[in-house]
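Coordinates in review
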Amino acid sequence: MKVTVWNENLHEKEIPLVTQLYPGGLHGYIAGFLKDPETEVRTATLDEPECGLTEEVLADTDVLVWWGHMGHDRVPEEVVDRVQRHILSGMGLVVLHSGHHSKIFRRMLGTTCNLKWRDGARERLWTVKPNHPIAKDIPETFVLDCEEMYGEPFDIAEPQETVFMGWFNGGEVFRSGCTWVRGNGKIFYFQPGHETNKGFQNVYVQQIIRNAVHWACSMKRVELVCPHVEALE
């Protein structure tokens with residue numbers, strides 16, 4: 001399985017705490033816990049040519065993991081078009097935290113993906129679909145002592161499955177882990193992962209992202225076309 005972890009790599013250049021918490025940047029840290037004997041992981045960032053998401057890279061990617069926040073508008077439309085085409089043909093997409101406002105996620109869902117937010121909340125995550133592959137080895141509930149609160153209403157297309165729900169100490173709730181299928185591609189959105197909090201250090205958060213990558217991997221690409229055909233019979 002081949003995974004590409006994409007990150008803007010902007011906060012890392014402006015906020016020293018980010019690289020203190022996540023050496024190598026968010027992309028490098030996430031890539032580190034995704035690597036295993038069966039998984040080849042590369043990283044790509046906004047400042048690379050074509051945002052690091054060339055045709056060659058995407059054709060060689062089974063699952064794309066996406067983290068973005070400050071630079072959503074800096075991703076060119078032609079890159080979004082290219083990523084969308086690969087998702088529709090079978091590449092998996094795992095969108096993390098503030099990637100909810102990324103161009104590619106909004107494109108695939110067809111909604112604003114707006115939500116409520118505030119930083120510095122305590123979150124309890126609940127596994128509401130425990131038999132789902134993304135929930136493998138995850139307990140019924142676990143706590144993140146400090147995370148950015150995301151709250152409903154979350155303007156997303158109706159999920160195929162809601163795997164995790166979040167509750168925050170301000171009383172808010174959120175659909176924190178949701179799946180969709182678009183064309184031949186699987187999509188998972190997962191809410192934890194603010195750049196100045198320790199969410200990605202949590203062993204269950206890491207396991208969920210590993211599970212999601214394996215779930216989203218189809219290992220087969222079938223480009224969606226609209227051919228004119230002759231009758232078989």
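Presented here is a report on the structure given in the accompanying data block. Being a predicted model, the structure only gives us computed values, none of them experimental. (Residues numbered from 1 in each chain as written. Predicted model: local features only at pLDDT ≥ 70, side-chain atom pairs only at ≥ 80, totals over all residues. Heavy atoms only, no water.)

**What to know about the packing of helix α3 (residues 25–34) against helix α7 (residues 203–216)**
Filter applied, for reference: Here, axes are lines fitted to C-alpha atoms. For helices the fit covers the stretch in contact, and angles between N-to-C directions go from 0 to 180 degrees. Put simply, DSSP marks the helices as runs of H or I at least four residues long and the strands as runs of E at least two long, and each gets a number from the N terminus on. We call two directions roughly parallel when the angle between them is under 35 degrees, roughly antiparallel when it is over 145, roughly perpendicular when it lies between 65 and 115, and oblique otherwise. By definition in these notes, contact holds between two residues if any of their heavy atoms fall within 4.5 Å. Put simply, Ala, Val, Leu, Ile, Met, Phe, Trp, Tyr, Cys and Pro go in the nonpolar bin, Asp, Glu, Lys and Arg in the charged bin, and everything else, Gly too, in the polar bin.
The geometry of α3 relative to α7 is characterised by a closest axis approach of 10 Å and an angle of 75° between their N-to-C directions. The orientation of α3 relative to α7 falls into the category roughly perpendicular. Here α3 contributes Tyr29, Phe33 and Leu34 to the contact with α7, which in turn contributes Gln206, Ile209, Arg210 and Val213. Its residues placed into classes, the contact of α3 with α7 shows five nonpolar, one polar and one charged.

**Quick word on unusual backbone geometry**
Among all residues except glycine, the phi angle is most often negative; among peptide bonds, the trans geometry is most common. As a reminder of what qualifies: Burial classes follow relative accessibility: with a 1.4 Å probe on protein chains only, a residue under 20% of its type's maximum area counts as buried, one over 50% as exposed, and anything between as partly exposed.
A cis amide bond links Glu152 to the next residue, Pro153, at an omega of 5°. One can find Pro153 in the loop between β6 (141–151) and β7 (161–168). At Glu50, a residue that is not glycine, the phi angle is positive and equals roughly 55°. Glu50 sits in the partly exposed class, given a relative accessible area of 42%. The backbone of Cys113 sits at a positive phi, close to 60°, despite the residue not being glycine. Relative to the helices and strands, Cys113 resides in the loop between α6 (103–109) and β5 (116–127). Classification of Cys113 as buried rests on a relative accessible area of 0%.

**A few points about the environment of Trp167**
If you trace the backbone, Trp167 turns up in strand β7. We classify Trp167 as partly exposed; its relative accessible area is 36%. The sequence separation of Trp167 and Arg122 amounts to 45 residues, and the corresponding C-alpha distance is 8.4 Å. Aside from chain neighbours lying at most four places away, what touches Trp167 is Arg122, Glu123, Arg124, Glu172 and Val173.

**Observations concerning the pattern of salt bridges**
The criterion, for reference: One side-chain nitrogen of Lys or Arg within 4 Å of one carboxyl oxygen of Asp or Glu is enough to make a salt bridge.
The tally for this structure, following the rule as stated, stands at eleven salt bridges. Put simply, Lys103 and Glu77 hold a salt bridge, and the shortest N to O gap is 3.1 Å. Taken as a pair, Lys103 in helix α6 and Glu77 in helix α5 (residues 77–89) lie far apart in primary sequence, 26 residues in all. Residue class for Lys103 comes out partly exposed when judged on its relative accessible area of 22%. In this structure Glu77 comes out as partly exposed when scored by relative accessible area, which is 40%.

None of the figures reported here should be taken as evidence of function without further support.
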